[in-house]
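# Descriptive analysis of the structure
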There are 2 protein chains.
Amino acid sequence: MDDIKRFLDRPVSFLDDTGPAADIAISTRVRLARNLAGFPFPNAASAEEKQQICDLITSAVRDSRVLDFDGEHNEFSPGELDDTGRQLLVERRLASKEFVSSPFDGKRLMVCPLERCSIMINEEDQIRMQSIRPGFQLQEVFREINRIDDELSCKLDYAFDEQLGFLTSCPTNVGTGMRASVMLHLPGLVITGQIAPTIQGISKLNLAVRGIFGEGSDYRGNLFQISNQSTLGESEENILSTLSAVIEQLVFHEKRARQTMLKDDRYGVLDYIGRSYGILRHCYKISGEEALKSLSGVRLGVDLGLFNSVDISKVNELFIATGSAHLQANAGIDLSSDERDIRRAQLCREKLKF
Amino acid sequence: MDDIKRFLDRPVSFLDDTGPAADIAISTRVRLARNLAGFPFPNAASAEEKQQICDLITSAVRDSRVLDFDGEHNEFSPGELDDTGRQLLVERRLASKEFVSSPFDGKRLMVCPLERCSIMINEEDQIRMQSIRPGFQLQEVFREINRIDDELSCKLDYAFDEQLGFLTSCPTNVGTGMRASVMLHLPGLVITGQIAPTIQGISKLNLAVRGIFGEGSDYRGNLFQISNQSTLGESEENILSTLSAVIEQLVFHEKRARQTMLKDDRYGVLDYIGRSYGILRHCYKISGEEALKSLSGVRLGVDLGLFNSVDISKVNELFIATGSAHLQANAGIDLSSDERDIRRAQLCREKLKF
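Residues numbered from 1 in each chain as written. Chains lettered and ligands numbered in written order. Predicted model: local features only at pLDDT ≥ 70, side-chain atom pairs only at ≥ 80, totals over all residues. Heavy atoms only, no water.

## Comments concerning the sheet that holds strand E1 (residues 25-34) of chain A
Residues and elements named next belong to chain A. Strand order in the open sheet formed by eight strands is E2-E3-E4-E5-E1-E8-E10-E9, and the pairing between neighbours is antiparallel. Edge strands, defined here as strands with exactly one partner in the open sheet, are strand E2 (74-76) and strand E9 (207-210). Across the sheet, the mean angle from the axis of one strand to that of its neighbour is 20°, orientation sign disregarded. (Pairing = 2+ DSSP bridges. Helix = DSSP H or I, 4+ residues; strand = E, 2+ residues; numbered from the N terminus. Axes fitted to C-alpha atoms, helices over the stretch in contact; angles between N-to-C directions.)

Now the structure itself:
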């Protein structure tokens, strides 16, 4: 198993701000849920069965080299990590909360070097594979995970039903087993008060809106993940094109909201951006939530061309590096909540100097 | 009459931060109320009588040259100034709100070049003379105004009663006609929640606690003016020594509160200071009240030796320069409240660069 600490020194590739529509779309992610024919789903499997499943899948991934982008990949067993290590994977969006919760039997995470593609073994389904990239690029991300899925399907016998499609642990994933999501930064819609009706509208289209840390998380940092709800009875192409159309609309509305804000209250926008920066640059204690909120304000400033003093990559880096587990892992010692707030502030002050 | 705009380019001398205990005591002020024998008090006098009184006093001041510290003094008639000019005098603590309110008949303000000594004619009393200096120096300030009073008494026949002392328009000033006050910066007592009982205690000692702009103003900027209430039946020396003892106690308690804060929550204090600076340095809109509050935070940082990046004189300058009338006068055009907030922010950003 690999050393989790090695992750800390690397920026998160899906936050490199190079993707299409990167001023609003932070990242695009597609994950596929798969299970093996003839084996029970993880929640019905014994520890031995889960280990057997894990070994089978691990071998298939290793042998097919689907994750060996630079000639290698990383592997982690949540049961072998400490709490910080497990939480680190969640903050980097490589693992779900369920995956890092006990029981850990037969669980394994396999990650390509740049963390763009990864596979969770024995989460809710036996296989959860994902591809994630910066910006708005559903087709490209889907093509990548589809290629990995195709290669693995040559080595593994997926549980598949001609009528229903791929069989999954939870009925909501049966069919394509696909969840595609785009993370959007929507400060304009939030500030102009349009976000609540927008979310309502999206929900009616059978799409889900979630916070930065997935199901049940709040909308901190003005970050919203939009994803498909239905997986059954629709082709992957249909799901992706519906989601694409909605994301395009949201990007359009966010752009319009930002322009309206600038037109109606330019100094109000400048003030929002400036204070966000001022707090991050000069605070000595800051909660994770306030840090994300303030980073959102700075990002808005950079995106609007109103604040060019800081490198956007440093802002993006802080979205992840200010996470509690990242702070904890970097410190190398146990930190109280207060100590984390102090170290988070120190990190923000230093990274945002100009 | 002098051009009020000339004032704007000069720092306020009582804020030069050079006085004793300057880390807590901002300034010391003593004013004397006097009236002429044989003339009615201003509120009972006709316009003609007030003009006659004004002429008499003006001549005495000019002839005695008590205000001609550098060979000259300034004179202003509130009726000849616009609203901004009048408000400017209040913000510089040269005139009271009552003095700059109509009717303006026979009102005149005479000021020494550095604004350390000034005389209002036909405010509530015919003569209100004050001396103000930085820091905590009651004796020195009293000596100065006493000297001016002595010289004027050679040229003017004061209304004086052997039994009561100096006669004044309002009974609360009869006797010495003196009000001595010290402006204290008490963020430590405010933050540690000790200010309310402290104010209660002071009030029981027959002293008054007022905000930065005198009677009825709020305690913005953590600034408190402590002054004597009684003027009758006590000698000037007694009044000053009682006030002195209380100020010394308050300075002691404030120092202790600051040390307690630092000991109990050093990062909380640093955070308070840093955020205060961060807001002033990066905001694009700020109200007068928030500006004073934030300036208080920065001043605390400088006073504690925790924040040496800015020159304290610039911080002190902003306490006055962020006043609405100062912003208005500097702009030279009428400003809405919103426009003032924008210009105030611009001024703070520029002055606090480092």
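## Thoughts on the confidence of the model for chain A
Taken over all residues, the pLDDT of chain A has a mean of 92, while the share at 70 or more is 97%. Listed scores for the predicted complex are pTM 0.90 and ipTM 0.88. (pLDDT = per-residue confidence, 0-100.)

## Things to note about the packing of helix H7 (residues 288-303) of chain A against helix H8 (residues 312-321) of chain A
All names here are of chain A. At their nearest, the axes of H7 and H8 sit 10 Å apart, and the two run at 160° to each other. Viewed along their axes, H7 and H8 adopt a mutual orientation that is roughly antiparallel. You can see that H7 and H8 cross each other, and the crossing is left-handed. In this structure, H7 uses Leu 292, Leu 295, Ser 296, Val 298, Arg 299 and Val 302 to contact H8, whose residues at the interface are Ile 312, Val 315, Asn 316, Leu 318 and Phe 319. For the contact of H7 with H8, the residue count by class is eight nonpolar, two polar and one charged. (Parallel < 35°, antiparallel > 145°, perpendicular 65-115°, else oblique. Left-handed = near helix turned anticlockwise from the far one by under 90°. Contact = heavy atoms within 4.5 Å. Nonpolar A, V, L, I, M, F, W, Y, C, P; charged D, E, K, R; others polar.)

## Let's talk about the environment of Ile273(B)
Examined against the element boundaries, Ile273(B) turns out to sit in helix H6 (residues 236-282). Ignoring anything within four residues of it in the chain, the contact list for Ile273(B) reads Gly297(B), Leu300(B), Gly301(B), Leu306(B) and Phe307(B).

## Considering the interface of chain A and chain B
With 17 residues of chain A in contact, the opposing surface of chain B contributes 17 residues. Where chain A abuts chain B, roughly 1,600 Å² becomes buried across the two surfaces, and 64% of that area is made up of carbon and sulfur atoms. When the buried area of chain A at its contact with chain B is split by residue, Arg275(A), His282(A) and Tyr284(A) rank highest and sum to 38% of it. At the junction of chain A with chain B, the criterion picks out four salt bridges. Of the charged contacts, one joins Asp265(B) and Lys285(A) as a salt bridge, the two residues approaching to 2.9 Å between their closest N and O atoms. For the pair chain A and chain B, the number of links is ten residue pairs in polar contact (both at pLDDT 80 or more). Looking at the side of chain A that touches chain B, the element that brings in the most residues is helix H6 (residues 236-282) of chain A, giving eleven residues. (Buried area = accessible area lost by both parts, 1.4 Å probe. Salt bridge = Lys/Arg side-chain N within 4 Å of Asp/Glu carboxyl O. Polar contact = N/O pair within 3.5 Å; in protein donor to acceptor, adjacent residues only side chain to side chain.)

## A closer look at the pattern of salt bridges
Two side chains bearing opposite charge may form a pair once their charged atoms approach each other closely. The tally for this structure, following the rule as stated, stands at 46 salt bridges over all chains. Here Glu75(A) makes a salt bridge to Arg62(A), at a shortest N to O gap of 2.8 Å. With Glu75(A) in strand E2 and Arg62(A) in helix H1 (residues 47-64), the pair connects residues that are 13 residues apart, well separated along the chain. We classify Arg62(A) as partly exposed; its relative accessible area is 40%. Between Asp149(B) and Arg34(B) there is a salt bridge; the shortest N-O distance is 3.0 Å. (Buried < 20%, exposed > 50% of the residue type's maximum accessible area, 1.4 Å probe, protein only.)

## Thoughts on the relation of the copies chain A and chain B
Of the transformation placing chain A onto chain B, the axial shift is 0.0 Å and the rotation is 180°, giving an RMSD of 0.0 Å. Such a combination of turn and shift is consistent with a two-fold rotation axis. No C-alpha of chain A lies nearer the rotation axis than that of Gly278(A), which sits 2.0 Å from it. Of the interface residues in chain A, 100% have counterparts in chain B that sit at the interface too, so the contact is made through matching surfaces. (Least-squares fit on C-alpha atoms with pLDDT ≥ 70 in both.)

## Brief notes about the environment of His185(A)
Residues and elements named next belong to chain A. For His 185, the position within the fold is in strand E8 (residues 178-185). Look at His 185 and you get buried, because its relative accessible area is 0%. Residues His 185 and Asn 43, spaced 142 residues apart in sequence, show a C-alpha to C-alpha distance of 35 Å. Filtering out sequence-adjacent residues up to four positions away, His 185 remains in contact with Ile 24, Ile 26, Gly 221, Asn 222, Leu 223, Glu 254, Arg 258, Ser 296, Arg 299, Leu 300 and Asp 303.

## Considerations on the packing of aromatic side chains
Enumeration over the complete set of coordinates arrives at twelve aromatic pairs over all chains. On the numbers, 4.8 Å between centres and 50° between planes, the contact of Tyr277(A) with Phe307(A) is tilted. One end of the pair, Tyr277(A), is in helix H6; the other, Phe307(A), is in the loop between H7 and H8, with 30 residues separating them in the sequence. Phe307(A) shares its class with Tyr277(A); the two are buried. Both rings, one in Tyr158(B) and one in Phe166(B), keep their centres 5.9 Å apart while their planes meet at 80°; by these two values the pair is edge-to-face. Both residues of the pair, Tyr158(B) and Phe166(B), count as buried. Members of the aromatic cluster, each reached through a chain of ring pairs, are Tyr158(A), Phe160(A) and Phe166(A). Residue placement shows Arg34(B) over the ring face of Phe166(B); its charged tip is 3.5 Å from the ring centre. (Phe/Tyr/Trp six-rings, centres within 6.5 Å; stacked < 30°, edge-to-face > 60°. Lys NZ or Arg CZ within 6 Å of the ring centre and 35° of its normal.)

## Let's talk about helix H5 (residues 195-204) of chain A
Residues and elements named next belong to chain A. Listed in full, the buried residues belonging to H5 are Ile 195, Ile 199 and Ile 202. Buried positions in H5, seen along its axis, are confined to an arc of 60° and lie on one side of it. Opposite the buried face of H5, by more than 90 degrees, sit the exposed residues Gln 200 and Lys 204. Phi turns positive, to about 65°, at Asn 206, one or two residues after H5. (Arc of directions from axis to C-beta.)

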